[in-house]
Amino acid sequence: MRNKIYNIIFLATITALMASCVGGKKATETKNPYRRAPIREVTAEELSNDSALIDATMQHLLGKEEESVDMYQGLLKKSPLYSPAHYGLGRLYFSMGWLDSALYHTRRACELDDNNAWYKIQLARIYEQMRDTKNVKATWEELVKKYPDNTDYYYSLSNAYLFCNDVPGSIAVLDRVEKRFGIKEEVSLQKQKLWNAINKPDKARKELEKLAAAVPSEPRYSAILAESYMNEKNYEKALQYYNYILETNPTDENIHISLASCHLAMGNMRDAYIHLRKGVLNPALRCRDRMVFMTEFLHNEAFFNAYGKKCFALADSIAGGCSESEGFAVMYGQMLAAQERFREAAEQFKTHLATDKSQYGIWEMLLICEGQYEEGEAEMLEHARQASELFPLHLRPYLILAEGYLKHGNCEKARFYLDRCMMIAPNEKAVKDVKQKIEQTCR
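Owing to the predicted nature of the structure, the values given are computational and were not obtained by experimental measurement.

Peer 1: So what's going on with the overall build of the protein? Residues and values would help.
Peer 2: Of the regular secondary structure elements, the protein holds 25 helices and zero strands. Within the protein, the proportion of its 443 residues that are buried is 41%. Relative to all contacts within the protein whose residues are 6 or more apart in sequence, the contacts with residues 24 or more apart total 47%. For the protein, the exposed area adds up to about 24,900 Å²; of that, 51% sits on carbon and sulfur atoms.

In structure tokens, the structure reads:
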């Protein structure tokens with residue numbers, strides 16, 4: 001396997017090195033497409049040079065740099081106009097960090113064969129390493145002019161302008177790509193990022209608008225624009241794009257939630273509830289996500305006052321069709337607790353803890369709920385004990401246990417858990433109050 005990989009690397013390298021050999025041995029061209037060009041004989045000198053080039057490259061790949069340098073130099077001494085050897089030696093010096101020597105030989109290769117793109121690419125890389133910004137741009141510009149249909153060269157030229165901290169110049173190159181090849185997603189998104197980088201959000205947005213108009217079947221661009229307008233608090237424009245997405249992609253599971261958020265920001269409570277209801281009733285959404293969305297909307301005081309009861313009823317109807325494994329129980333429990341339906345909320349928290357006991361916050365919400373109704377006291381003490389074992393650095397479970405054992409006349413256990421409270425927060429008022437009660441009761 002190792003030999004196979006090595007052979008692939010070797011062949012790829014040789015292909016690059018030999019790229020100009022064929023260019024220097026072209027047969028006479030013919031304008032007749034049905035007539036085969038005459039075969040040109042390869043001279044003994046050419047065969048010898050090609051063989052020596054392969055041997056020198058082999059030494060380079062084997063990590064024998066000194067041997068490779070000697071072989072390249074020997075080849076060039078015999079055939080100083082053999083451009084692949086200059087290119088190969090330049091490539092070797094570049095890998096060794098000898099930039100001046102790499103530059104000399106790569107330039108020489110370009111002079112001997114001006115039509116070889118591999119030589120120019122290597123030359124551009126050397127200029128980049130030398131931080132010669134002027135020549136980096138000039139070299140890529142030369143490649144673009146010589147090969148105007150190769151988009152990779154345009155992108156490299158754009159990156160060269162960025163390398164020179166010239167963002168407008170980079171964008172101008174991408175404009176040339178669009179003019180020649182039409183609107184492309186990767187180009188438009190790159191231009192958007194660059195306009196934002198120089199703090200020109202209006203021009204960044206125009207790039208997205210062009211992209212959205214060019215590909216009307218793709219809602220993602222309209223969604224990005226809508227979010228952009230939302231961030232700028234231009235809700236009317238955001239609403240236009242959200243409505244457009246709704247028209248073209250009515251089955252999008254998130255569009256009604258987005259529309260609800262937009263209407264909420266605009267103060268349109270009725271429309272916000274209508275779209276929220278449509279959104280959370282979409283079966284494509286997970287139950288937990290539905291609860292998250294409703295909880296977020298209920299944080300708005302005006303919306304809570306106008307549609308809180310309807311949202312709670314909606315949550316009840318959704319919960320009936322959700323399985324315990326969908327992770328909605330915590331969110332639903334919080335909504336029930338907000339309605340002071342503590343017994344039902346506690347059941348939801350217990351449902352979650354039956355499969356995931358790793359979050360202390362959920363244990364605390366359970367303990368708070370169980371403390372709000374008389375029948376929950378026994379379970380609260382057991383759950384406080386479990387929580388104290390799982391999370392020994394939290395105060396509330398120890399407080400509940402100290403007070404609970406004191407209430408049942410078990411002074412020994414009450415003092416035990418009071419000691420734990422004193423270790424965690426001796427100056428906490430609740431701890432001082434329990435300590436005073438224990439001292440008064442357990443004499």
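Back to the text.
Peer 1: Can you explain the environment of A56? Please cite residues and give values.
Peer 2: Its place among the elements puts A56 in helix α3 (residues 44-61). For A56, a relative accessible area of 0% corresponds to the buried category. Put simply, A56 and L75 are 19 residues apart on the chain and 8.9 Å apart in space, counted from C-alpha to C-alpha. Those residues in contact with A56 that lie beyond four places of it in its chain are S68, M71 and Y72.

Peer 1: Quick one: what's the story with helix α24 (residues 411-424), residue by residue and with numbers?
Peer 2: Over its 14 residues, α24 extends 20 Å from the first C-alpha to the last, a length consistent with the 20 Å expected when each residue adds 1.5 Å. Those residues of α24 lying buried are A414, Y417, L418 and C421. End-on, the buried residues of α24 take up no more than an arc of 110°, which puts them together on one face. For α24, the exposed residues lying more than 90 degrees away from the buried face are E412 and M423.

Peer 1: Residue-level account of a negative patch on the surface, with values.
Peer 2: A contiguous patch of negative charge, built from E65, E66, E67 and D70, is present on the exposed surface. In this structure, E67 sits in helix α4 (residues 65-78). According to the relative accessible area criterion, E67 is partly exposed, its value standing at 40%.

Peer 1: I'd like a description of the packing of helix α6 (residues 99-112) against helix α7 (residues 117-130), backed by residues and values.
Peer 2: One way to put it is that α6 packs onto α7 with a least axis distance of 9 Å and a crossing angle of 155°. Regarding the angle of α6 to α7, the classification is roughly antiparallel. Once α6 is placed against α7, the crossing between them reads as left-handed. Residues L99, D100, A102, L103, T106, R107, A109 and C110 of α6 form the contact with α7, whose participating residues are Y119, K120, Q122, L123, I126, Y127, Q129 and M130. Broken down by class, the residue content of the contact of α6 with α7 amounts to 10 nonpolar, three polar and three charged.

Rules and cut-offs
Residues numbered from 1 in each chain as written. Predicted model: local features only at pLDDT ≥ 70, side-chain atom pairs only at ≥ 80, totals over all residues. Heavy atoms only, no water. Helix = DSSP H or I, 4+ residues; strand = E, 2+ residues; numbered from the N terminus. Buried < 20%, exposed > 50% of the residue type's maximum accessible area, 1.4 Å probe, protein only. Contact = heavy atoms within 4.5 Å. Areas by Shrake-Rupley, 256 points an atom, 1.4 Å probe, with all protein chains shown as cover. Expected span 1.5 Å × (residues − 1). Arc of directions from axis to C-beta. Patch = residues over 30% accessible without salt bridge, like charges linked within 9 Å, V, L, I, M, F, W, Y side chains within 5 Å. Salt bridge = Lys/Arg side-chain N within 4 Å of Asp/Glu carboxyl O. Lys, Arg positive; Asp, Glu negative; His and termini not counted. Charge placed at Lys NZ, Arg CZ, Asp CG, Glu CD. Axes fitted to C-alpha atoms, helices over the stretch in contact; angles between N-to-C directions. Parallel < 35°, antiparallel > 145°, perpendicular 65-115°, else oblique. Left-handed = near helix turned anticlockwise from the far one by under 90°. Nonpolar A, V, L, I, M, F, W, Y, C, P; charged D, E, K, R; others polar.

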